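# Structural characterization, general
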Amino acid sequence: MIRPDAPVLLEIRDLRASVDEQPILKGVNLMIRAGEIHAVMGRNGSGKSTLSKVLAGHPAYSVTGGSVLYRGEDLLALEPEQRARIGLFLGFQYPIEIPGVSNLEFLRVATNGRRLAQGQEELDTFAFEDLVRERLQVVQMDPAFLERSVNEGFSGGEKKRNEILQMALLEPLVAILDETDSGLDIDALRIVAGGVNHLAGPDNATLLITHYQRLLDVITPDFVHVMAAGRILRTGGKELALELEDRGYDWVDEELASLEAGEAARTPLEVA
Amino acid sequence: MSSTATVGDLVSQPYKYGFVTDIETEKIAKGLDEDVVRLISAKKQEPAFLLDFRLRAYRQWLQMQEPDWAALGFPAINYQNIIYYAAPKQQEKKSSLDEVDPKLLETFEKLGIPISEQKRLSNVAVDAVFDSVSIATTYKEKLAEHGVIFCSISEAVKEHPELIERYLGTVVPSNDNFFAALNSAVFSDGSFVFIPRGVECPMELSTYFRINSGDTGQFERTLIVAEEGASVSYLEGCTAPMFDTNQLHAAVVELVVLDDASIKYSTVQNWYAGDENGVGGIYNFVTKRGQCRGDRSRISWTQVETGSAITWKYPSCVLQGADSVGEFYSVALTNNRQQADTGTKMVHVGPRTRSTIVSKGISAGHSANSYRGLVQVGPKAIGARNFSQCDSMLIGDHAAANTYPYIRCQQPEARIEHEASTSRISADQLFYLQSRGIGFEEAVSMMVSGFCRDVFNQLPMEFAAEADKLLALKLEGSVG
Amino acid sequence: MVAVSATEPRHPLPAAATAAPWIADLLADLPAAPSAAVARARELLAQQPLPSRRQEDWRFTDLAPLTTIAPRPLDPAEQASSAPAAPLGPVAEPGRLRLLLDGLRDPLDGLNLPPGLHRLEGEALQAALGRSLAAQGLEADWPVLLNTALAPRVLALRVSAAVAPLLELVNDVGTGQGVEALRLLLLLEDGASLEVLQVQRAAAASATSLLLEAELGRGARLRHGLLAQGHGAASLLAQLVVSQSPGSELDLVSALSGWGLVRLEPRVLQDEGQAATRLRGLQRVDGRQIADTHSQVAFAGPEGRLDQLHKVVADGAGRSVFNGAVRVPRAAQRTDAAQLSRSLLLSDRARIDTKPELEIVADDVKCAHGATVSRLQDDELFYLQSRGIAAAQAARLLLRGYCDEVLAELPGGAAGWQPLERLMGEDPTP
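The shown structure was predicted, so the numbers you read here are calculated from the model rather than taken from an experiment. All residue numbers refer to position in the chain's written sequence, counted from 1. Here the convention is simple: chains get letters from A, ligands get numbers from 1, in the order in which they are written. Per-residue local features are limited, in this predicted model, to residues with pLDDT of at least 70; the limit for side-chain atom pairs, both in listing and counting, is 80 or more; totals at the level of whole chains, interfaces and linings are taken over all residues. For the side-chain quantities, the full set of heavy atoms in the structure was used; hydrogens and water were omitted.

## Things to note about the overall build of chain C
In this description a helix means any DSSP run of H or I spanning at least four residues, a strand means any run of E spanning at least two, and both kinds are numbered starting from the N terminus. In terms of regular secondary structure, chain C is built from nine helices and 18 strands. Only the C-alpha atoms count toward the radius of gyration. The rule for a globule is 2.2 Å times the residue count to the power 0.38. Over its C-alpha trace chain C gives a radius of gyration of 22 Å, about what one expects of a compact globule, namely 22 Å for 430 residues. For chain C, the spread of C-alpha atoms along the three principal axes comes to 70 × 70 × 45 Å. Each residue is placed in one exposure class: buried if its accessible area under a 1.4 Å probe, protein chains only, is under 20% of its type's maximum, exposed if it is over 50%, and partly exposed if it falls in between. Burial status across chain C gives 57% buried among its 430 residues. By sequence separation, contacts in chain C at least 24 residues apart represent 85% of the contacts at least 6 residues apart. By element, 53% of the accessible surface of chain C is carried by carbon and sulfur atoms, the whole surface being about 17,000 Å². Note on charges: Lys and Arg go in the positive column, Asp and Glu in the negative column, and His and the chain ends are not counted at all. Here the site of a charge means NZ on Lys, CZ on Arg, CG on Asp, or CD on Glu. Across chain C, 41 positive and 51 negative side-chain charges occur, with their mean positions spaced 3 Å apart. The contact criterion used is simple: two residues touch if any of their non-hydrogen atoms lie within 4.5 Å. Per-residue and other accessible areas follow the Shrake-Rupley method at a 1.4 Å probe size, with only the shown protein chains counted as cover for residues.

So this is what it looks like as structure tokens:
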């Protein structure tokens, strides 16, 4: 839903980042307002996963330039856990297994951290159980998964559902979903996408990072951005994704080549 | 807290039980000879058989050599420079708790062990041992109604000499090893538990050991007997003040379990570990052994070892009775310069005996944490089973985790399985938890306690949370 | 309170030790030492008792059976005459370079070595000999001293490229009685590769000391199989000491059976890590035999890999020992090591001692270890029986499968030696 007067949730300006001194992001600009669904597409290595990790504060990536404002606040100055508590959520492409740590306990600690940051009171174990059972519906997940260790031994689909369950509990304002569709069969994709659609509302925003059109068949984006070589090359509506599906990414290479040839003068497109 | 802080930075935190109680103490002169052994026995007004036991042990000790096989690095101990008996000056044990020196009650309260009538834990009976003597035992009368004897071993010597004579030294003979012999010669106090035939002990029993004096050794002796069909759950806790000298703690624990009886023995050991440079701390050289004498008997050892400069203990089970069961669940956390060499021996003698070993070692700083175990299956142990799991977690790259799981099998109808793994807290796991709003310290502590969960689940409920908290404290940061 | 004691040390060293009479007799019977190094080794050996069970390294293994063997050098003439008349094992065929070792004669005499394989001699030999031992501090180890004191020559080979034929080293003592020592040195240059099948056989009261040193250059590959088929009165002490450079791959496969006493010590050092080590061992004891494998793999640099499987079959009143040390110091980050020890105990008079030793001081490592001791699995037996196979035959099938998992890894060409049949005590076809 595009509302030009909606408050800006995330504003990324000329963001540059590197890993092991290797520059990956080379000036990303992006503005996201409440209510919007954005999709970032691009080939492997275009920098789209790096963008998601930098936003969430992964320690392996160092920011070398630019800024990110989250509701007007300097996001990059915050620790990963602080970013999560104020409403930024990253759905991992490969959710991490943590043996020994109970999923239920993990969800409860995370949820209460977010609630405290929002000025709400912590939920005791009983109240939390009620909440979590209700939210399980969103992803049609078996409560038995609550008793297991975090993601340990979960199938790919179960891990992704667990990610969306966390999102349902943390109620983020900006949800970044990194390749949420990878490794999902069609049923799991439908359930996960249903969860995302269910959680999307006028006050929050979603940033989908994906490779394929098929996720966008079930979640309709307001904006589609094409990323290549560490920056956003082109921005359009949902039809841009269809065009990509149709024509492939070869034209991106051409555009990139001409861009690099003419460098200096041009600035990448921005979403206003 | 910065996420650039390493996990290793988190595991140092000041020892919170390091205070000294200012109380007048009666001590004997330093040093050890036959006269000292006689003096200890006389002070405790012991019967002749016990003096003989001590003297025999002393003479055996003189012939023995301090063991060096565990390759633990520590300077030689001068056994003539230790005080072998120290007691707070309140003389006779008081008949009522109200008469106990309030300073002592206060000390235990400060340690989280309230023993006064008003504040004591409702379902746990406590024997509080201060330096060499037991100062109070709660709920004695209530336990006596069930025929359960729970008192200091000195009291038991006076009131139940026949039981002491029958069982003392029968599981750990006085010449078993160097430190057991020393303990047998000079042991000061400790707890005695007797659960008569068919009785399920109505509450948790607990002994709390406190070393207060700086130059005393602590040599407590614990003896627990469960007669046919009896059962008991027993927990011991230990703390000591911070001194920059090392103190010797050489305890002996003996468990005897008859047919269909069971003993669950839990330890939360938090003796002073020395400072970050390895100065001071307790040398914890302990012999713990239980004998499943009866058929279908069971012994379960659970330990959470976080303290001491050096820990050297192998709570063991001799599984004699047919179908008897031995269990060992252990968490050992070492930091700074601590050395822990711990594990268990499961000696399968009888048929269809079963044992389970779960050991979790966490090494941080420059510490060394070793699991050393023996699973021995003798020729008569037809159908014996053992399963062992030894996991190590390393925090930082200066700590050592060693695993020496020795297996000896002489019985083809036996099955022994052993698994070991080494892991660490990965940066990706930490980031995942952080990205859900869980702070760095809490994330580390969640993962460490998750790593230990199999063992904590075995602790009596009242203490599981305690143990979790203890580890969390050890992991809590001095990182700003 | 614990002061450093000024009193006498508690553990005075034993009074100046003297050699076991057996060693003294053996040394007395040797020809003059050919070099200063040999003389020195004999001198050191003469000052030491036999390793005793009071030493941790020899805690489970009694060397007494060794001393029942005539303490004199084995006579190669006797060996030649006693060896079976029929050609040993499979007929030599193309793709196989067979060298017969007797410790005395030069097996390379009059031989055209295949491309990539060269005799190592002169200064190059002197520089390389003992280097791997020194890297692991083994120069004064008792079995090394014994070998050095006795071995009349060294078979030393330099490998400069991929060697096509299988190098088959055969030492068959036959019914010869006495003591022999074989010393080998393999120097694999960067990128070189070699497959070796070493066959040790004895049929009477003899003792063999085997010492192999190998150095693997960068990217070099060595696959070494030791097939040792012994006799109840015979002893074998074998040390395989290997240094690996980064990128190298080592496969050590051993199958030991029939020896009254066999002690195998594979000792591998990845001197800068980043190498791959694969160890496969199988030992079978029966009667009153003792088989002892003491392996050690040390990683001195990062990203090394170890994959170790050790299997035991213990029958009769046999004794099997496995001691597997894995050392991962701080420099060895990202090491990936796995060790599995599986033992089958088939008799209630047999005994199995298993002692893994994992020592780790690096936090970013994977080190897994497992050990099992059991008899044949009832459910597997039952499954076969339910398909109409008699119990005894089913047990035999399972046992063959169990052993074959290791034997199948011996270098190609080992099959001709019928390792499985001999190991199982089945009559090998002539």
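## Brief notes about the side chain of B:Asn183
Residue and element names in this part refer to chain B. Tracing the backbone shows Asn-183 in helix α8 (residues 178–186). Taking relative accessible area as the criterion, Asn-183 reaches 0% and is therefore assigned buried. Residues within four places of Asn-183 in sequence aside, it is in contact with Phe-219, Glu-220, Arg-221, Ala-250, Ala-251 and Val-252.

## Let's talk about the confidence of the model for chain A
Across chain A, the average pLDDT comes to 88, with 96% of residues at 70 or higher. The predictor's confidence in any single residue is recorded as pLDDT, a number from 0 to 100. Between the elements of chain A, mean pLDDT differs from a low of 76, seen in helix α9 (residues 250–262) of chain A, to a high of 95, seen in strand β1 (residues 8–19) of chain A.

## Some thoughts on unusual backbone geometry
You will see that A:Ala229, though not glycine, has its phi angle at about 45°, which is positive. When you line up the elements, A:Ala229 lands in the loop between β11 (223–228) and β12 (231–236). With a relative accessible area of 22%, A:Ala229 lands in the partly exposed category. A positive phi angle, near 60°, is found at B:Asp260, a position not held by glycine. Mapped onto the fold, B:Asp260 is located in the loop between β11 (252–257) and β12 (262–269). Taking the relative accessible area as the measure of exposure, B:Asp260 reaches 41% and is therefore partly exposed.

## Concerning the interface of chain C and chain B
Contact with chain C, which involves 41 residues of that partner, is made by 47 residues of chain B. Of the roughly 3,900 Å² buried between chain C and chain B, counting both surfaces, carbon and sulfur atoms make up 51%. Here a salt bridge means any side-chain nitrogen of Lys or Arg lying within 4 Å of a carboxyl oxygen belonging to Asp or Glu. For the interface between chain C and chain B, the tally reads four salt bridges. Among the salt bridges present, the one from B:Asp397 reaches C:Arg330, with a minimum N-O distance of 3.7 Å. For the side of chain C that touches chain B, the secondary structure elements donating two or more residues are β17 (351–360) and β18 (366–374) of chain C. In terms of residue count, β17(C) provides more of the side of chain C that touches chain B than any other element does, 10 residues in total. Charged means Asp, Glu, Lys or Arg here, nonpolar means Ala, Val, Leu, Ile, Met, Phe, Trp, Tyr, Cys or Pro, and polar covers whatever is left, Gly included. For the side of chain C that touches chain B, the class distribution of residues is 19 nonpolar, 10 polar and 12 charged. Sheet topology places strand β24 (residues 415–424) of chain B next to β18(C); five bridges connect them, and they run antiparallel. Residue pairing across strands places B:Ala420 opposite C:His369, the latter belonging to β18(C). What gets called buried area is simply the loss in accessible area from a 1.4 Å probe that two parts show on being joined, summed for both. Two strands are counted as paired when DSSP detects at least two bridges linking them.

## Considering the pattern of salt bridges
Applying the stated criterion across every chain yields a total of 61 salt bridges over all chains. In this structure, the salt-bridge partner of B:Lys360 is B:Asp454, at a minimum N-O distance of 3.8 Å. With B:Lys360 in strand β20 (residues 354–363) and B:Asp454 in helix α11 (residues 453–456), the pair connects residues that are 94 residues apart, well separated along the chain. Its relative accessible area of 5% is what places B:Lys360 among the buried residues. The partly exposed category is assigned to B:Asp454, whose relative accessible area is 37%. Connected through shared salt-bridge partners, C:Glu195, C:Arg223, C:Asp251, C:Arg278, C:Arg280, C:Asp307 and C:Glu409 make up one network.

## What to know about the packing of aromatic side chains
Aromatic rings from Phe, Tyr and Trp, taking only the six-membered ring of Trp, are treated as a pair when their centres fall within 6.5 Å; an angle between ring planes under 30 degrees marks them as stacked, one over 60 as edge-to-face, and anything in between as tilted. One pass over the structure, following the stated rule, counts 18 aromatic pairs over all chains. With a centroid separation of 5.0 Å and 55° between ring planes, the pair formed by B:Tyr265 and B:Trp301 is classed as tilted. Highlighted residues: B:Tyr265 in strand β12 and B:Trp301 in strand β14 (residues 298–305), separated in sequence by 36 residues. Across the pair, B:Trp301 and B:Tyr265 agree in class, each one buried. One aromatic cluster is present, built from ring pairs that chain together B:Tyr58, B:Trp61, B:Tyr79, B:Phe178, B:Phe179, B:Tyr283, B:Phe285, B:Trp312 and B:Tyr314. We call a charge positioned above a ring when the Lys NZ or Arg CZ atom is no farther than 6 Å from the ring centre and deviates by at most 35 degrees from the ring normal. The ring of B:Phe187 has B:Arg54 lying over it, and the distance from NZ or CZ to the ring centre is 4.1 Å. Lying over the aromatic face of C:Tyr402, C:Lys311 brings its terminal NZ or CZ to 4.1 Å of the ring centre.

## Re the interface of chain B and chain A
Contacts between chain B and chain A engage 20 residues on the former and 32 residues on the latter. Together, the buried faces of chain B and chain A total about 2,200 Å²; carbon and sulfur atoms form 63% of this surface. It is B:Phe431, B:Tyr432 and B:Arg436 in chain B that bury the most area against chain A; as a group they hold 37% of the surface buried on that side. Contacts described as polar in this section are N or O atom pairs within 3.5 Å, which, within protein, must combine one atom able to donate a hydrogen with one able to accept it, while residues neighboring in sequence count only if both atoms come from side chains. At the junction of chain B with chain A, the criterion picks out 10 residue pairs in polar contact (both at pLDDT 80 or more). Listing elements by their share of the side of chain B that touches chain A, those giving two or more residues are α9 (427–434) and α10 (440–451) of chain B. When residues in the side of chain B that touches chain A are grouped by element, the largest group, six residues, is from α9(B).

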